[in-house]
Amino acid sequence: MNEKSALKSSWAVAFTVASVWFGTHVGGGFASGNQVIQYFANYGWTAVIYPIIAMGILAVVMNIMMKFAKVNGFDNYKDTYRALYPKPWMEVFFEIFYIVIVLAAMAAAVAGAGEVLANFLGIPYVGASKVIMNLIIVAILILLSIFGVKLVIAASTVLSVGIIVITAIMVILGLTADFDAIAAQMTGEYGVELAKYTVAPGTAIWKGIFVYAAFQCVSIPPMIAASKDLSVKGVKRANILGWLMNGLALAASGWMLSKWYPLLAALAGTEDYATCLGIPNQTVLTIVGIKWALVAFSVLLFCAFMSTCVTLVYTMIQRFEGKLFPKVIKAQKVREILVGGIAIGLCFLLSLLGLSGIIKYAYGYDGYLALLVIVIPAFVWGIPKTKKALAAQKAE
């Protein structure tokens, strides 16, 4: 094996590619705890196991598609999916999934930032205050999109590292806190009983394993692009590492929040904690009472949400600016403003569902679509077409 091939399949290079998946997954939505509560923690002890299975399924799908792209010489998802489907035009199915999940992620970031800000200021994130907070976020987003795109993109890596570190600290604090004493004190103070876990084994498997893995297929495009210098063996290693990194991080968060879920769900029925399940990790830190961690988490999570907003608005502008009637609207800057304005407007309207609503409905239903147009096709067409391409290469 020569030096070049060793580099392309080494665990070190594979880890770099796996980190792209990890960075896509472990953003503001994950760090808020909302996804983990809805898809895992409310079902109890399975919150430690199902995340690992879900990420395992995603790793298999990712490996199939990355290997398919590799043996066919593709380095982007558009060419990959045009070749995967029986008809090239069917690639539009992936486009629909991708655009919906990107818009939903933008809306979730707006709603998440608004809720973090409201919680930090002690303002209930409901009714008119929700609209006002989201409008404030949209105003900041517009300013950053006009004047600070390069700064935000440059700072995104630092923010990602910061949110990962503070989330890890928060998980440790949540697991080591004296939950029984805190729960006894708070249930007595608010006159509530600890809530029971949701008993729905079939739904827990469907949502926590299949739907969650499906909408996380949003990581496939950046992984295909990032793996262009990997060998087939390197692709396999990247997905093994990505499975472990994402699965264990998700399981750790699920473990911590499943411990706190009975108290959080009980407190959600009180006036003081009516929105506590919106950003559950922030609520846990508020209850535990470690001020520095709460401030650091709130600031970093807010910045992570804003970074996600700006980056995705920029992505949408780059993607659609050239398609917005260029023969009629000749000025590129005008087209960019129009695309950005449309994207931000749609996201503001969708953000009024709140972070919980977006994650439940937009992510959930897009996950159903992904099962049909991404997960199943990977097995039906991806595997046999890859085998055929490899056989043809060996025959040459």
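Everything quoted here is computed from the prediction, not taken from an experiment. Residue numbers run consecutively from 1 along every chain, following the written order of its sequence. Per-residue local features of the predicted model are confined to residues with pLDDT of at least 70, and side-chain atom pairs are confined, for both listing and counting, to 80 or more; whole-chain, interface and lining totals are unaffected and use all residues. Working from all heavy atoms in the structure, the side-chain values ignore hydrogens and water.

Asks: Which residues make up helix α7 (residues 91-121), and what values go with them?
Replies: The helix and strand labels rest on DSSP assignments: H or I over at least four residues marks a helix, E over at least two residues marks a strand, and numbering proceeds from the N terminus. Here a helix's expected span is defined as the number of its residues, less one, multiplied by 1.5 Å. Compared with the 45 Å implied by 1.5 Å per residue over 31 residues, the 45 Å span of α7 between its first and last C-alpha is a close match. The cut-offs for exposure are 20% and 50% of the maximum accessible area for each residue type, with area from a 1.4 Å probe on protein chains only; residues under the lower value are buried, those over the upper are exposed, and the others partly exposed. The buried count for α7 comes to 22 of 31 residues, which makes it a mostly enclosed element. Taken from the residues just after α7, glycine 122 is the one with a positive phi, measuring 75°.

Asks: Describe in detail the packing of α7 against helix α15 (residues 291-320), supporting the description with residues and values.
Replies: A pair of packed helices can be characterised by two numbers: the angle between their axes and the separation between those axes. Fitted lines through C-alpha atoms serve as axes, helices being fitted only where they are in contact, and the angles separating the N-to-C directions of these axes extend from 0 to 180 degrees. One can describe the packing of α7 onto α15 by two numbers: an axis separation of 9 Å at closest approach and a directional angle of 150°. Classified by the interaxial angle, the pair formed by α7 and α15 is roughly antiparallel. α15 is crossed by α7, and the crossing has left-handed handedness. Roughly parallel covers angles under 35 degrees, roughly antiparallel covers those over 145, roughly perpendicular covers 65 to 115, and oblique covers all other angles. Working rule for handedness: look at the near helix, and if it is turned counterclockwise from the far one by less than a right angle, call the crossing left-handed; if clockwise, right-handed.

Asks: Could you give an account of the nonpolar core, naming the residues involved and the relevant values?
Replies: To form a nonpolar core, buried Ala, Val, Leu, Ile, Met, Phe, Trp, Tyr and Cys residues must be joined to one another through side-chain atoms within 4.5 Å. Ranked by internal contacts, the top residues of the largest apolar core, which has 126 residues, are Trp260 and Tyr363. If one sorts the elements of this core by residue count, α7 sits on top with 17 residues. Contacts were defined at the residue level, with two residues in contact if any of their heavy atoms lie within 4.5 Å. Not counting residues within four places of it along the chain, the set of residues in contact with tryptophan 260 comprises Gly174, Ala177, Phe179, Ile182, Val284, Ile287 and Val288.

Asks: Run through the environment of lysine 8, naming residues and quoting values.
Replies: Positionally, lysine 8 belongs in helix α1 (residues 3-9). Residue lysine 8 is classed as partly exposed on the basis of its relative accessible area of 27%. For the pair lysine 8 and aspartate 229, spaced 221 residues apart in sequence, the C-alpha to C-alpha distance is 6.0 Å. Excluding residues that lie within four positions of it along the chain, lysine 8 makes contacts with Asp229, Leu230, Ser231 and Gly234.

Asks: Can you break down the packing of aromatic side chains residue by residue, with the values?
Replies: Here a ring pair, both rings aromatic, is described through the centre-centre distance and the interplanar angle of the planes. Stacked, tilted and edge-to-face are the three classes assigned to paired rings of Phe, Tyr and Trp, where Trp is represented by its six-membered ring and a pair needs centres within 6.5 Å; plane angles under 30 degrees give stacked, over 60 edge-to-face, the rest tilted. Across all of its chains, the model carries 22 aromatic pairs by this definition. With centroids separated by 6.4 Å and ring planes inclined at 20°, the aromatic side chains of tyrosine 361 and tyrosine 365 adopt a geometry described as stacked. Linking tyrosine 361 with tyrosine 365, this pair stays in helix α17 (residues 354-395), spanning 4 residues, or about one helical turn. Among the aromatic residues, ring-to-ring pairing joins Tyr77, Tyr81, Tyr85, Trp89, Phe93, Phe94, Phe97, Tyr98 and Trp381 into one connected group. Here lysine 207 stacks its cationic end above the ring of tyrosine 39, 5.1 Å away from the centre of that ring. Two conditions define a charge located above a ring, namely a distance within 6 Å from the ring centre to NZ of Lys or CZ of Arg, and an angle within 35 degrees of the ring normal.

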